[in-house]
Amino acid sequence: MKTPGITVMTIQTIDGGVEVNEVFFDDVRVPVANLVGEENKGWNYAKFLLGNERTNIARVGVSKERLRRIRELASIERLGDEPMIRNPRFREKLAAAEIELKALEMTQMRVIASERTREKGKPDPASSVLKIKGSEIQQMTTELLLDVVGPYALPYSPEEADGPHLSNEPPIGPDWAASVAPTYFNWRKVSIYGGSNEIQRNIIAKAILGL
Ligand SMILES: Cc1cc2nc3c(=O)[nH]c(=O)nc-3n(C[C@H](O)[C@H](O)[C@H](O)COP(=O)(O)OP(=O)(O)OC[C@H]3O[C@@H](n4cnc5c(N)ncnc54)[C@H](O)[C@@H]3O)c2cc1C
């Protein structure tokens, strides 16, 4: 990153965060000593790494923990006279997310199991399936949390969103509420990064369905 010609420009995300950058390369010279693998095979190496990135984006563990938390909060937060968890429409959405996640977990295990029999270094196009479903489920969970928090998602308090009680003002609503809307907005990125979901569908059409 200290090589002359590399410029890093910050991009502010929709939730006000600063976690991504735009990187410019102007006549950057890379010494031969820094060559990774064989010359002119860069795209092959990149495709292998992208496959790993897509598998990683599935984030089954993160979604499991988030659904557990949603269940817990929905048992406390009320909608009318009842805890949110009793609401049939909410239960239906929660169950749908849990079923999708279980199916994703099994698919991920199948992809990992096929690793042993696949040609070494060859990407598995099934990682595109993991990326699409994993990102959709992550976004579903952020929507469910918005349902649970209800109108308390509306106040914008960046200090509270970074961690409860960083502000001198008392929190508006439950202390976990402030991060819900920023996370919802931030996680719109999941279906874009690592190759957008539309591009993953193109890969599935070409590499799996042979279209
Ligand atoms: C939060 C975040 C972090 C990121 N981190 C990194 C990083 O660490 N490293 C990195 O290299 N990149 C990173 N990216 C960039 C990311 O990989 C790209 O944004 C993504 O691949 C989409 O490319 P694009 O933005 O150029 O969109 P475009 O390619 O311009 O696409 C725009 C829209 O058109 C659709 N589209 C484009 N082509 C087709 C097609 N052939 N068929 C159907 N639909 C099409 C896309 O799906 C999308 O909806 C990050 C992006 C985000 C949002």
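Remember, it's a predicted structure, so these values are computed and weren't measured experimentally.

Cut-offs and rules
Residues numbered from 1 in each chain as written. Predicted model: local features only at pLDDT ≥ 70, side-chain atom pairs only at ≥ 80, totals over all residues. Heavy atoms only, no water. Near = heavy atom within 4 Å. Polar contact = N/O pair within 3.5 Å; in protein donor to acceptor, adjacent residues only side chain to side chain. Areas by Shrake-Rupley, 256 points an atom, 1.4 Å probe, with all protein chains shown as cover. Helix = DSSP H or I, 4+ residues; strand = E, 2+ residues; numbered from the N terminus. Buried < 20%, exposed > 50% of the residue type's maximum accessible area, 1.4 Å probe, protein only. Lys, Arg positive; Asp, Glu negative; His and termini not counted. Salt bridge = Lys/Arg side-chain N within 4 Å of Asp/Glu carboxyl O. Contact = heavy atoms within 4.5 Å. Axes fitted to C-alpha atoms, helices over the stretch in contact; angles between N-to-C directions. Parallel < 35°, antiparallel > 145°, perpendicular 65-115°, else oblique. Left-handed = near helix turned anticlockwise from the far one by under 90°. Nonpolar A, V, L, I, M, F, W, Y, C, P; charged D, E, K, R; others polar. Expected span 1.5 Å × (residues − 1). Core = buried A, V, L, I, M, F, W, Y, C linked by side-chain atoms within 4.5 Å.

Peer 1: For this particular structure, what's the right way to read the site of the ligand?
Peer 2: Around the ligand, the neighbouring residues are Val20, Lys189, Ile192, Tyr193, Gly194, Gly195, Ser196, Glu198, Ile199 and Asn202. Between Glu198 and the ligand, the recorded distance is 2.6 Å, taken from a side-chain N or O atom to an oxygen atom. At 3.1 Å from a nitrogen atom of the ligand is found a side-chain nitrogen or oxygen belonging to Asn202. Relative to its unbound accessible area of 970 Å², the ligand is 35% covered by the protein chains.

Peer 1: What should I look at first to understand the side chain of Arg66 in this one?
Peer 2: Within the secondary structure, Arg66 sits in helix α2 (residues 60-76). Buried and unpaired, Arg66 has no salt bridge, with Glu65 as the nearest side chain of opposite charge at 8.0 Å.

Peer 1: Whenever I open this one, the pattern of salt bridges confuses me. Can you help?
Peer 2: Note on pairing: side chains with opposite charge can pair once their charged atoms come close. Scanning all chains against the criterion turns up 14 salt bridges. With a shortest N-O distance of 3.2 Å, Arg68 and Glu72 are connected by a salt bridge. Pair noted here: Arg68 and Glu72 are both in helix α2, with a separation of 4 residues, about one helical turn. Of the charged contacts in the structure, one is a salt bridge between Glu136 and Lys133, with a shortest N-O distance of 3.4 Å. Of this pair, Glu136 and Lys133 both sit in helix α4 (residues 126-149), 3 residues apart, which is roughly one turn of the helix. When salt bridges that share partners are traced, they join Glu65, Arg68, Arg69 and Glu72 into one network.

Peer 1: What am I meant to see in the side chain of Thr141 here?
Peer 2: Here Thr141 shows up in helix α4. If we skip the residues at most four places from it in the chain, Thr141 touches Arg66, Leu67, Ile70 and Trp187.

Peer 1: Even after reading the chapter, I still don't get the packing of α4 against helix α7 (residues 197-208), so can you show me in this structure?
Peer 2: Between two packed helices, what matters for the description is the angle formed by their axes and the separation of those axes. Relative orientation of the contacting elements α4 and α7 amounts to 150 degrees, with a least axis distance of 8 Å. Taken together, the axes of α4 and α7 lie roughly antiparallel to each other. Crossing of α4 over α7 shows left-handed handedness. Contact residues: α4 offers Ala126, Ser128, Val129, Lys131, Ile132, Ser135 and Glu136, while α7 offers Asn197, Gln200, Arg201, Ile203, Ile204 and Ile208. Its residues assigned to classes, the contact of α4 with α7 comprises 6 nonpolar, 4 polar and 3 charged.

Peer 1: When you look at α7 in this model, what are you seeing that I'm missing?
Peer 2: In this model α7 runs 15 Å from its N-terminal to its C-terminal C-alpha over 12 residues, within 8% of the 16 Å that 1.5 Å per residue would give. Next to the buried residues of α7 lie α1 (42-57) and α4. The first or second residue beyond α7 is Gly210, which carries a positive phi of 65 degrees.

Peer 1: How should I be thinking about the nonpolar core in this particular structure?
Peer 2: Side chains of a nonpolar character, in soluble globular proteins, are inclined to be buried together. Core analysis: the biggest nonpolar cluster contains 26 residues, and Ile70 and Phe90 have the highest contact counts within it. Of all the elements in the fold, those that place two or more residues in this core are α2, α3 (88-114), α4 and α6 (180-186). In terms of residue count, α4 provides more of this core than any other element does, 7 residues in total. When sequence neighbours within four positions are dropped, the list of residues in contact with Ile70 reads Phe90, Leu94, Thr141, Leu144, Leu145 and Val148.

Peer 1: It is not clear to me how the environment of Val148 should be interpreted in this structure. Could you clarify?
Peer 2: In this structure, Val148 sits in helix α4. On the basis of relative accessibility, which here comes to 6%, the residue Val148 falls in the buried class. In sequence terms Val148 and Ala74 are 74 residues apart; their C-alpha atoms lie 6.0 Å from each other. Ignoring any residue separated from it by four or fewer positions in sequence, one finds Val148 in contact with Ile70, Leu73, Ala74, Glu77, Met84, Phe90 and Trp176.

Peer 1: Whenever I open this one, the packing of α2 against α4 confuses me. Can you help?
Peer 2: In contact at an axis separation of 10 Å, α2 and α4 are set at 15 degrees when each is read in the N-to-C sense. The orientation of α2 relative to α4 falls into the category roughly parallel. Between α2 and α4 the crossing geometry is left-handed. Side by side, α2 and α4 meet where Ser63, Arg66, Leu67, Ile70, Leu73 and Ala74 of the first sit next to Ile137, Gln138, Thr141, Thr142, Leu144, Leu145 and Val148 of the second. Considering only residue class, the contact of α2 with α4 consists of 8 nonpolar, 4 polar and 1 charged.

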